[in-house]
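Coordinates in review
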Amino acid sequence: MVQNVAAGFLELEPEDFYLLSGIEHGMRFSEWVDREKVAEFSRLDSEEVDYRLDRCEDRGYVERKTVHYQGFRLTFEGYDVLALRALTERDSIQAFGAPLGVGKESDVYEVRSYKPLALKFHREGYTNFREVRREREYTSENRHVSWFYTARKAAEREYEALETLYPDVRVPRPVDHNRHALVMEKLPGVELSKAGLDAGQVVGVLDLVLTELATAYREGYVHADMSEYNVFVDSDGVTIFDWPQAVPTDHENADEFLDRDVANLVRYFRRKYPQQVGEEDVSAIADAIRDDSFESVRACR
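What counts, and at which threshold
Residues numbered from 1 in each chain as written. Predicted model: local features only at pLDDT ≥ 70, side-chain atom pairs only at ≥ 80, totals over all residues. Heavy atoms only, no water. Helix = DSSP H or I, 4+ residues; strand = E, 2+ residues; numbered from the N terminus. Areas by Shrake-Rupley, 256 points an atom, 1.4 Å probe, with all protein chains shown as cover. Lys, Arg positive; Asp, Glu negative; His and termini not counted. Charge placed at Lys NZ, Arg CZ, Asp CG, Glu CD. 1 Å grid on protein atoms, 1.4 Å probe; cavity = no way out; pocket = protein on both sides within 12 Å on 5 of 7 lines; lining within 4 Å. Points joined across faces, edges and corners; volume = space filled by probe spheres on them. Phe/Tyr/Trp six-rings, centres within 6.5 Å; stacked < 30°, edge-to-face > 60°. Buried < 20%, exposed > 50% of the residue type's maximum accessible area, 1.4 Å probe, protein only. Lys NZ or Arg CZ within 6 Å of the ring centre and 35° of its normal.

1. A few points about the overall build of the protein chain
Regarding its fold elements, the protein chain presents 10 helices and 13 strands. By principal-axis analysis of the C-alpha atoms, the protein chain measures approximately 75 × 40 × 30 Å. Summed over its atoms, the accessible surface of the protein chain is roughly 14,700 Å², and 43% of this surface lies on carbon and sulfur atoms. The distance from the centre of the 39 positive side-chain charges to the centre of the 59 negative ones in the protein chain is 3 Å.

This is how it looks when you write it as structure tokens:
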């Protein structure tokens, strides 16, 4: 999907971007932007608007619907195009590459600027908007929130967390962000769920991950969505990624989220490596992280 957008992006003209930006602006006030308002928001004349609407609709960047009027709105591909334009104008992206990971809540692609980087498009709410709106605190009290708002807030939150934590915590180095898109360092290594650790490495890797969570806590954040799918392992250690659900340590549910993060990690290691990881005291580990006294899993027994 995004690869098609990247290819079509080069065919767009400045007036196409004026149109898309105008519709984006109009969607702040209405899910479907009246055709008459599109001309006002994009500052294009009526004939130009009709031509640009047809071009962008043919490319899948806008869709139309007749409600009490003829309305238009951006598709996620149209939102992608606007983010790509902003990032390329700032030279944060110079070339677009292959997918690195495509999931339910984000698509990640290799891109290039001065070095290979990763471009993450947040998709929160795109496939299951009601569930995400209920679970994410930055959407739960906003009855009129859109997919775009939800995804943009997720990208903003993740970028803010990465900026705060890097380099004291091993997280991807943040480079830039715009709308729902985030440019960051491309991670080395392999996902923990696929790592296949040797027996002698297991406890050491678990200690490394918990040490990074402890440092993040000291820097003011709880990950709040920790699992074996959010850790990369390489010869230099571990890197923790996917921080859009992170909460500050003074959040009312921070203790609950930290307990859950630790429990998820220990449960995974216990299930996959039962000979090396036994009935570790999850509460003692979480308390040690809170007290800034965590040294190792064994010390918390």
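2. Some remarks on empty space enclosed by the protein
Across all of its chains, the model carries 1 cavity of 30 Å³ or more by this definition. If you go around the largest cavity, the residues you meet are Leu 213, Ala 216, Tyr 217, Tyr 221, Val 222, His 223, Leu 258 and Asp 261. The element best represented in the lining of the largest cavity is helix 8 (residues 202-218), accounting for 3 residues.

3. Observations concerning the packing of aromatic side chains
Applying the stated criterion across every chain, the model contains 9 aromatic pairs. Ring plane angle 50° and centroid distance 4.7 Å describe the contact between Tyr 79 and Phe 148, whose orientation is recorded as tilted. In this pair, Tyr 79 sits in helix 5 (residues 76-89) while Phe 148 sits in helix 7 (residues 147-165), placing the two residues 69 residues apart along the sequence. Judged by relative accessible area, Tyr 79 falls into the buried class, the value being 4%. Judged by relative accessible area, Phe 148 falls into the buried class, the value being 9%. Arranged with centres 5.1 Å apart and planes meeting at 75°, the rings of Phe 232 and Phe 241 form a pair that is edge-to-face. The structure contains a cluster of three or more aromatic residues connected by ring pairs, namely Phe 76, Tyr 79 and Phe 148. Lying over the aromatic face of Phe 76, Arg 123 brings its terminal NZ or CZ to 4.9 Å of the ring centre.

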